[in-house]
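What the coordinates show
Here is what each chain is made of, one letter per residue.
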Amino acid sequence: MTDSQFPANFLWGGAIAANQAEGAHLAEGKGLTTVDMIPHGANRMPIKLGLVDKVALDDNEFYPSHDAIDFYHNYKDDIALLAEMGFKVFRLSIAWSRLYPNGDEEEPNQQGIDFYTKVFEECQKHGIEPLVTLCHFDVPMHLVEKYGSWRNRKLITFFERYARTCFNAFDGLVKYWLTFNEINILLHSPFSGAGLLFQPGENRDQVKYQAAHHELVASALVTRIAHEINPQNKVGCMLAGGNFYPYSCKPEDVFTAMEKDRENLFFIDVQSRGYYPSYAKKVFKDKGVELDIHDGDLDILKNTVDFVSFSYYASRCASAEMNSGNTSEANVVKSIKNPHLPASDWGWVIDPLGLRITMNTLYDRYQKPLFLVENGLGAMDEFDSEGQINDDYRINYLREHIKAMKQAIDDGVPLLGFTPWGCIDLVSASTGEMSKRYGFIHVDRNDKGHGTLARTRKKSFYWYQKVIASNGTDLD
Ligand code: BGP
């Protein structure tokens, strides 16, 4: 037992995303989204990274998002299981294309609104606060094909319409919102991050930063609208977090690590402070980027977020000599392999102290409450002879990260809540696998899409139930 330092109203829960859990990819009028076009297997990476000029569905491929874990038809039972663990918050996303199947319609699809109303009412019934991401890696495919996705300024208007619909339709049911999931991933995985495909020969940095500008304006605009519609609404930005450590104390390594951190924090700098950071000018010049900024954009950016949310799986490491031969990847962000840290079976380093360091950095920089909205260990689970999953490795990982959160709170960092990733097993964003599991609840489905979809409580389910009940005091 440790003394609890978590505030009494701390929001314990878990997180999923529409595209990795819902399935029912064309049900009740839903349109195709970017992630529906990303297959499992060898062709996954080139598409995710936007390295092809065009994407189309292929009968010979398997697309994990199409059925996922069928949360769409199981949401009641799934939410009941989360409630059984004592969840106070449930992070999930709305699929943009359920409300606007093409993305550019004038009026929303009522069936989409009805579905999410039922989901949020179910949360309310169990006393669970929804934390809703408006865009979690799923741009309507029609917007990609017709407009080039976020490279086109028109996306701001379409996103504004969609977000306004959500704030109005779910007013009274939802008050915590996130605009774009892991917004910085746009730079590292442009198609899955923001629906960007590139033409041969074009300056990709120009396309990515112009798209980033449009997302940043859209994010600030809808933050303002959320506050106008209901002053109780709380809107956050969302960073794929994890500080870069310098590989050595060589000043060149330290400088590279600082630059790498800035590359990611650039987005949060704008969303949290309300203006472009001073270093952006030189970055744009070096990359040959000239932003098309319209009158009024810089004023819109002043609508800053209420809190800073982030994912943390691993710290990162940088050296001046980084090259493709000596790097590994976690969350598609390239990093030098850190020789001091163990790693998961997927090569993601395990570093609880890195969470404390990241939290302190974010709070020092932004002075806004933080929300840890993703964390966890992707691992293979096996049933034992008694039909149990004894996932002590997952419990150990989470225990150490919860301790690190508590230490960061002791350091003076305000933390609103904790929603570990994939609280129920779901499709992996990076690999498309089901076998990379994060959940407290096992789902019977394999990498090829076979299985009964039966839900089973793992050992970690009962452990997390105790953690929540004791408000983080009992971590044994
Ligand atoms: C983040 C995403 C999630 C999630 C998580 C774990 O990048 O926001 O959608 O999937 O990482 O990653 P993976 O599924 O690749 O293990």
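Fair warning: this is a prediction, and the values are worked out from it, not measured in the lab.

Let's shift gears to the side chain of aspartate 70. In this fold, aspartate 70 is placed in the loop between α2 (44–48) and α3 (71–85). This buried residue, aspartate 70, is left without a salt bridge; arginine 455 holds the nearest opposite charge, at 7.0 Å. Contacts of aspartate 70, omitting those with residues within four sequence positions, involve Ala21, Glu22, Leu453 and Arg455.

The next point concerns the site of the ligand. The environment of the ligand is formed by 15 residues, the closest being Glu182, Ala429, Ser430, Lys436 and Tyr438. In the model, an oxygen atom of the ligand is placed 2.5 Å from a nitrogen or oxygen of the tyrosine 438 side chain. Taking 370 Å² as the accessible area of the ligand by itself, protein coverage stands at 97%. A per-class count over the shell around the ligand returns six nonpolar, six polar and three charged.

Where strand β1 (residues 11–15) meets strand β12 (residues 415–418), two bridges bridge the pair, whose relative direction is parallel. Its bridge partner lying in β12, tryptophan 12 is registered against phenylalanine 418. As defined by bridge partners, strand β11 (residues 370–374) adjoins β12 across two bridges and the pair is classed as parallel. Bridged to leucine 372 within β12 is phenylalanine 418. The handedness of the β11 to β12 crossover, carried by helix α15 (residues 392–410), is right-handed.

Within the structure shown, the criterion is met by 35 aromatic pairs. Taking 5.3 Å as the distance between ring centres and 10° as the angle between the ring planes, the aromatic pair formed by tryptophan 96 and tyrosine 162 counts as stacked. In this pair, tryptophan 96 is assigned in helix α4 (residues 96–99) and tyrosine 162 in helix α7 (residues 154–169), connecting sequence segments 66 residues apart. The burial state of tryptophan 96 is the same as that of tyrosine 162; both residues are buried. Where tyrosine 176 meets phenylalanine 371, the ring centres are 6.4 Å apart and the plane angle is 80°; that geometry is what we call edge-to-face. One end of the pair, tyrosine 176, is in strand β4 (residues 176–180); the other, phenylalanine 371, is in strand β11, and 195 residues separate them in sequence. Of the two residues, tyrosine 176 and phenylalanine 371, neither departs from the other in class, the shared state being buried. Within the aromatic cluster, the residues linked to one another by ring pairs are Phe6, Phe10, Trp12, Phe87, Phe418, Phe440, Trp463 and Tyr464. The positively charged end of arginine 98 is found above the aromatic ring belonging to phenylalanine 115, 5.6 Å away from the centroid.

On to the sheet that holds β4, then. Strand order in this closed barrel of eight strands is β1-β2-β3-β4-β5-β7-β11-β12, and the pairing throughout is parallel. Recorded for the sheet is a direction-independent mean angle of 30° between the axes of neighbouring strands. Two strands pair when backbone bridges link them, and strand β7 (residues 307–311) and β11 are joined in this way by four bridges, in the parallel orientation. For serine 309, the partnering residue across the bridge sits in β11 and is phenylalanine 371.

Looking now at the environment of lysine 48. Along the chain, lysine 48 falls in helix α2. Among the residues examined, lysine 48 registers a relative accessible area of 6% and is labelled buried. Taking the C-alpha atoms as reference points, lysine 48 and leucine 197, 149 residues apart in sequence, are found 9.4 Å from one another. In this structure, lysine 48 is in contact with Ile38, Ser189, Pro190, Phe191, Ser192, Val332, Ala429 and Ser430, ignoring residues within four places of it in sequence.

With that out of the way, let us pick up the packing of α15 against helix α16 (residues 459–469). Relative to each other, α15 and α16 sit at 25°, their axes nearing to 9 Å. Accordingly, the angle class assigned to the pair α15 and α16 is roughly parallel. In this structure, α15 meets α16 at a crossing whose hand is right-handed. On α16, the residues touching Asp392, Arg394, Ile395, Leu398, Arg399 and Ile402 of α15 are Lys459, Ser460, Trp463 and Val467. Looking at the contact of α15 with α16, its residues break down into five nonpolar, one polar and four charged.

Time to look at the layout of surface pockets. Each pocket or cavity is described by its volume, and for the largest pocket that value is around 770 Å³. Tyr209, Glu259, Lys260, Glu263 and Lys287 are the residues nearest the centre of the largest pocket, which is lined by 30 residues in total. Elements that contribute at least two residues to the lining of the largest pocket include exactly α8 (185–188), α10 (204–229), α11 (251–273), α12 (280–287) and β10 (333–336). If one sorts the elements of the lining of the largest pocket by residue count, α11 sits on top with eight residues. Broken down by class, the residue content of the lining of the largest pocket amounts to 16 nonpolar, three polar and 11 charged. Estimated volume of the second largest pocket: approximately 160 Å³. Lining the second largest pocket are Asp53, Lys54, Val55, Met141, Val144, Glu145, Gly148, Arg151, Gly195, Leu196, Leu197 and Gln199. Taken together, the residues that form the lining of the second largest pocket break down as five nonpolar, three polar and four charged.

Definitions and limits used
- Residues numbered from 1 in each chain as written.
- Predicted model: local features only at pLDDT ≥ 70, side-chain atom pairs only at ≥ 80, totals over all residues.
- Heavy atoms only, no water.
- Helix = DSSP H or I, 4+ residues; strand = E, 2+ residues; numbered from the N terminus.
- Buried < 20%, exposed > 50% of the residue type's maximum accessible area, 1.4 Å probe, protein only.
- Lys, Arg positive; Asp, Glu negative; His and termini not counted.
- Salt bridge = Lys/Arg side-chain N within 4 Å of Asp/Glu carboxyl O.
- Contact = heavy atoms within 4.5 Å.
- Near = heavy atom within 4 Å.
- Polar contact = N/O pair within 3.5 Å; in protein donor to acceptor, adjacent residues only side chain to side chain.
- Areas by Shrake-Rupley, 256 points an atom, 1.4 Å probe, with all protein chains shown as cover.
- Nonpolar A, V, L, I, M, F, W, Y, C, P; charged D, E, K, R; others polar.
- Pairing = 2+ DSSP bridges.
- Right-handed = clockwise from strand over helix to strand, strands pointing away.
- Phe/Tyr/Trp six-rings, centres within 6.5 Å; stacked < 30°, edge-to-face > 60°.
- Lys NZ or Arg CZ within 6 Å of the ring centre and 35° of its normal.
- Axes fitted to C-alpha atoms, helices over the stretch in contact; angles between N-to-C directions.
- Parallel < 35°, antiparallel > 145°, perpendicular 65-115°, else oblique.
- Left-handed = near helix turned anticlockwise from the far one by under 90°.
- 1 Å grid on protein atoms, 1.4 Å probe; cavity = no way out; pocket = protein on both sides within 12 Å on 5 of 7 lines; lining within 4 Å.
- Points joined across faces, edges and corners; volume = space filled by probe spheres on them.

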